[in-house]
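# A closer look at the structure
Okay, here's what each chain looks like letter by letter:
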Amino acid sequence: MRIRDLDAVVLRQRLAGPGLRLVTGPFVFNLRSRIPSVASGLAQLYPDFELEDPRGFADYHVAVHLAGGVRRFVRRQAIFDFDGFHPFKPLPAAQAFALLEWGMNWCIYAHAHEFLIVHGAVLEHDGEALLLPAPPGSGKSTLAAALMQRGWRLCSDELTLYDPGAAAVRALARPVSLKNESIRVMRERAPDAYISTPMADTAKGTVALMRPTAASVEQVHRPASPRWVVFPQYRAGTETALEAVAPAEMFMRLVQNELNYSTLREQGFRALSGLVDGVEGFCIEYGDLDAALERLEAVLGVRV
Amino acid sequence: MSSDRLIRIRSNDFEWRSWRGTAVVYDLRSGDTHSIAYPSGHVLSALHEAASDGMPLGGLHERLACAGRTADPGRLAEVIEALCELGIVEDAAADCPS
């Protein structure tokens with residue numbers, strides 16, 4: 001069963017009751033919330049995602065609910081709950097769905113230490129994975145969204161999950177988090193794609209989420225072999241420049257984007273070494289998305 | 001720096017990898033990761049083979065030169081100094097100054 005198979009009433013009831021068991025790649029989340037925007041966000045952004053049997057196992061039990069007390073009436077706030085623990089400060093209720101997204105990311109990178117996790121997007125073509133590690137504001141998600149629209153399979157927008165035992169990247173296929181100007185850019189480029197109503201004044205500026213392609217979600221359980229690591233940097237008005245990055249430098253730049261390398265200690269070092277062994281590294285600075293896509297695919301030798 | 005100086009790698013405290021002669025080193029005690037310039041990877045490879053016996057600087061220089069690696073004494077001295085400062089390499093006879 002997939003989320004699209006549930007009608008809106010049943011979806012809300014599940015979320016308000018025992019929870020919705022959402023499968024995202026190797027993880028099952030039990031999601032609970034009575035907030036209408038959470039239910040509608042799931043319906044719009046996750047329609048193709050599998051649902052696990054409600055009696056089955058869930059890796060993470062999470063909820064987003066409204067704060068009590070005076071906050072029920074004045075400047076309503078949403079709270080992310082993980083097994084009764086609140087890892088984040090409350091956010092305005094209008095950002096409830098973004099809070100769920102960020103909370104789910106946190107659950108994975110704070111706990112899933114069977115993977116080496118790097119902050120970055122991953123796309124796949126013909127079984128080979130393109131990793132785009134980068135800090136927020138680098139144009140990573142814009143590039144990832146545009147590549148997805150060109151036919152690449154989206155494995156992940158925010159979290160690169162590298163399985164060192166299998167030397168493979170695992171996919172999550174969750175929505176792409178577009179920020180600020182990239183929302184307009186992607187709306188113009190992909191008028192048929194679903195992009196959520198922008199949430200203003202978040203910690204990351206204005207944020208909107210873009211639904212992953214159905215093909216990306218359908219193939220979410222298919223691992224991909226890392227082949228390229230490209231460090232993107234958007235700079236308005238610049239010409240596209242793409243250069244090779246030597247392995248040792250690539251290693252250090254991946255460390256700068258790590259989410260659990262420090263936690264994994266020497267296992268993380270070995271895992272990251274193994275990742276670097278098998279890939280070609282590049283950095284790309286771009287001001288024009290079309291030129292960047294063309295240059296990138298030419299250098300990688302990919303025709304989608 | 002004397003060519004007789006005997007140095008060795010402290011392999012129990014570090015893990016390292018080398019690509020094209022540039023090394024990335026993980027400090028098992030502190031959890032820090034360091035990138036050290038060329039030819040640090042070749043230096044660590046040679047010292048790794050020599051194990052706890054260590055290797056005289058002169059021998060190290062000759063070995064790198066024979067293998068077609070950079071033989072610039074100044075560059076090699078800088079790299080060994082960096083490796084000593086990080087505690088990755090030590091004098092086989094006495095500790096490197098830290």
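Residues numbered from 1 in each chain as written. Chains lettered and ligands numbered in written order. Predicted model: local features only at pLDDT ≥ 70, side-chain atom pairs only at ≥ 80, totals over all residues. Heavy atoms only, no water.

## A short note on the interface of chain A and chain B
Taken together, the contact pairs 13 residues of chain A with 15 residues of chain B. Buried area between chain A and chain B, summed over both chains or domains, comes out near 1300 Å², and the portion from carbon and sulfur atoms is 63%. Of all residues in chain A, Ala248, Arg265 and Phe269 of chain A give up the largest surface area on contact with chain B, accounting jointly for 40% of the area buried on that side. Applying the counting rule to chain A against chain B returns two salt bridges. The partner of Glu15 of chain B in a salt bridge is Arg270 of chain A, with the nearest N and O atoms 2.4 Å apart. Inspection of the chain A/chain B interface yields five residue pairs in polar contact (both at pLDDT 80 or more). Elements with a contribution of two residues or more to the side of chain A that touches chain B: α7 (247-256) and α9 (266-277) of chain A. In terms of residue class, the side of chain A that touches chain B is built from eight nonpolar, one polar and four charged. (Contact = heavy atoms within 4.5 Å. Buried area = accessible area lost by both parts, 1.4 Å probe. Salt bridge = Lys/Arg side-chain N within 4 Å of Asp/Glu carboxyl O. Polar contact = N/O pair within 3.5 Å; in protein donor to acceptor, adjacent residues only side chain to side chain. Helix = DSSP H or I, 4+ residues; strand = E, 2+ residues; numbered from the N terminus. Nonpolar A, V, L, I, M, F, W, Y, C, P; charged D, E, K, R; others polar.)

## Overview of empty space enclosed by the protein
Residue and element names in this part refer to chain A. Per the counting criterion, the structure on display carries two cavities of 30 Å³ or more. Taken as a whole, the largest cavity encloses approximately 90 Å³ of empty space. Considering the residues around the largest cavity, the lining is formed by 13 residues, among which Glu101, Asn105, Glu158, Arg174 and Pro175 are closest to the centre. Here the element with the most residues in the lining of the largest cavity is helix α3 (residues 96-111); it accounts for three residues. Each residue belonging to the lining of the largest cavity can be placed in one class, and the counts come to six nonpolar, three polar and four charged. Arg2, Val23, Phe49, Glu50, Val217 and Val220 are the residues that line the second largest cavity. (1 Å grid on protein atoms, 1.4 Å probe; cavity = no way out; pocket = protein on both sides within 12 Å on 5 of 7 lines; lining within 4 Å. Points joined across faces, edges and corners; volume = space filled by probe spheres on them.)

## Quick look at the packing of helix α1 (residues 40-50) of chain B against helix α2 (residues 57-66) of chain B
All names here are of chain B. Direction vectors running N to C along α1 and α2 enclose 120°, while the axes themselves pass 10 Å from each other. At the point where α1 passes α2, the crossing takes the right-handed sense. Contacts between α1 and α2 involve His42, Val43, Ala46 and Glu49 on the former and, on the latter, Leu60, Arg63 and Leu64. For the contact of α1 with α2, a count of residues per class yields four nonpolar, one polar and two charged. (Axes fitted to C-alpha atoms, helices over the stretch in contact; angles between N-to-C directions. Left-handed = near helix turned anticlockwise from the far one by under 90°.)

## Section: the nonpolar core
Ranked by size, the top nonpolar core spans 77 residues in total, and within it Ile108 and Phe251 of chain A carry the most contacts. Among the elements that take part in this core, α3 of chain A stands out by supplying ten residues, more than any other. Ignoring any residue separated from it by four or fewer positions in sequence, one finds Phe251 of chain A in contact with Tyr261, Phe269, Leu272, Ser273 and Val276 of chain A together with Trp19, Val24 and Thr33 of chain B. Grouped together as the second largest cluster of nonpolar side chains are 32 residues, Leu143, Ile183, Met210 and Phe282 of chain A included. (Core = buried A, V, L, I, M, F, W, Y, C linked by side-chain atoms within 4.5 Å. Buried < 20%, exposed > 50% of the residue type's maximum accessible area, 1.4 Å probe, protein only.)

## A closer look at the sheet that holds strand β4 (residues 33-36) of chain B
Residue and element names in this part refer to chain B. Reading across the sheet, the three strands line up as β2-β3-β4 and stay open at both edges, with antiparallel pairing between neighbours. Whereas interior strands pair on both sides, the edge strands pair on one side only; in this sheet they are β2 (14-19) and β4. Here the strands of the sheet are splayed against their neighbours by 20° on average, with no regard to which way each runs. Of the pairings in the sheet, the one linking β2 to strand β3 (residues 22-27) comprises six bridges and is antiparallel in character. Across the sheet, the residue bridging to Glu15 is Tyr26, located in β3. Set on the sheet, α1 makes contact with β2, β3 and β4; between it and β3 the angle comes to about 65°. (Pairing = 2+ DSSP bridges.)

## Thoughts on a nonpolar patch on the surface
Together, Val70, Phe73 and Val74 of chain A make up a nonpolar patch on the protein surface, roughly 340 Å² of accessible area in all. Mapped onto the secondary structure, Val70 of chain A falls in the loop between β3 (60-66) and β4 (77-82). (Patch = residues over 30% accessible without salt bridge, like charges linked within 9 Å, V, L, I, M, F, W, Y side chains within 5 Å. Areas by Shrake-Rupley, 256 points an atom, 1.4 Å probe, with all protein chains shown as cover.)

## Describing the environment of Glu266 of chain A
Along the chain, Glu266 of chain A falls in helix α9. Ignoring anything within four residues of it in the chain, the contact list for Glu266 of chain A reads Glu15, Tyr26 and Leu28 of chain B.

## Section: the layout of surface pockets
If a probe as big as a water molecule is rolled over the atoms, it shows which places are left empty. Residue and element names in this part refer to chain A. Put simply, the largest pocket is a space of about 460 Å³. Lining the largest pocket are 23 residues; nearest its centre among them are Gly139, Thr142, Lys179, Ser182 and Tyr234. Listing elements by their share of the lining of the largest pocket, those giving two or more residues are α4 (140-149), β11 (176-179) and α5 (181-189). Partitioning the lining of the largest pocket into residue classes produces seven nonpolar, ten polar and six charged. Roughly 310 Å³ of internal volume is contained in the second largest pocket.

## Things to note about the pairing of strand β16 (residues 280-286) of chain A
All names here are of chain A. Among the seven residues that make up β16, five are buried, leaving the element largely enclosed by the rest of the structure. The sheet contact formed by strand β14 (residues 225-234) and β16 spans seven bridges and is parallel. When the bridges of β16 are listed, Phe231 appears paired with Cys283. Note that strand β15 (residues 241-244) and β16 share four bridges and pair antiparallel. Within β16, the position partnered with Glu243 by the bridge is Cys283.

## Structural notes on the packing of helix α2 (residues 36-45) of chain A against α3 of chain A
All names here are of chain A. Where α2 meets α3, the closest approach of the two axes is 8 Å, and the angle between their N-to-C directions is 65°. Here α3 runs roughly perpendicular to α2, going by the angle between their axes. In this structure, α2 crosses over α3, and the sense of that crossing is right-handed. Mapping the contact onto sequence places Ser37, Val38, Gly41, Leu42 and Leu45 in α2 and Ala96, Phe97 and Leu100 in α3. Its residues assigned to classes, the contact of α2 with α3 shows six nonpolar, two polar and no charged. (Parallel < 35°, antiparallel > 145°, perpendicular 65-115°, else oblique.)

## Remarks on the side chain of Ser138 of chain A
All names here are of chain A. Tracing the chain through its elements places Ser138 in the loop between β7 (128-133) and α4. Overall, the relative accessible area of 2% leaves Ser138 in the buried class. Reaching out from Ser138, the side chain makes a polar contact with the backbone oxygen of Pro135 at a distance of 2.8 Å.

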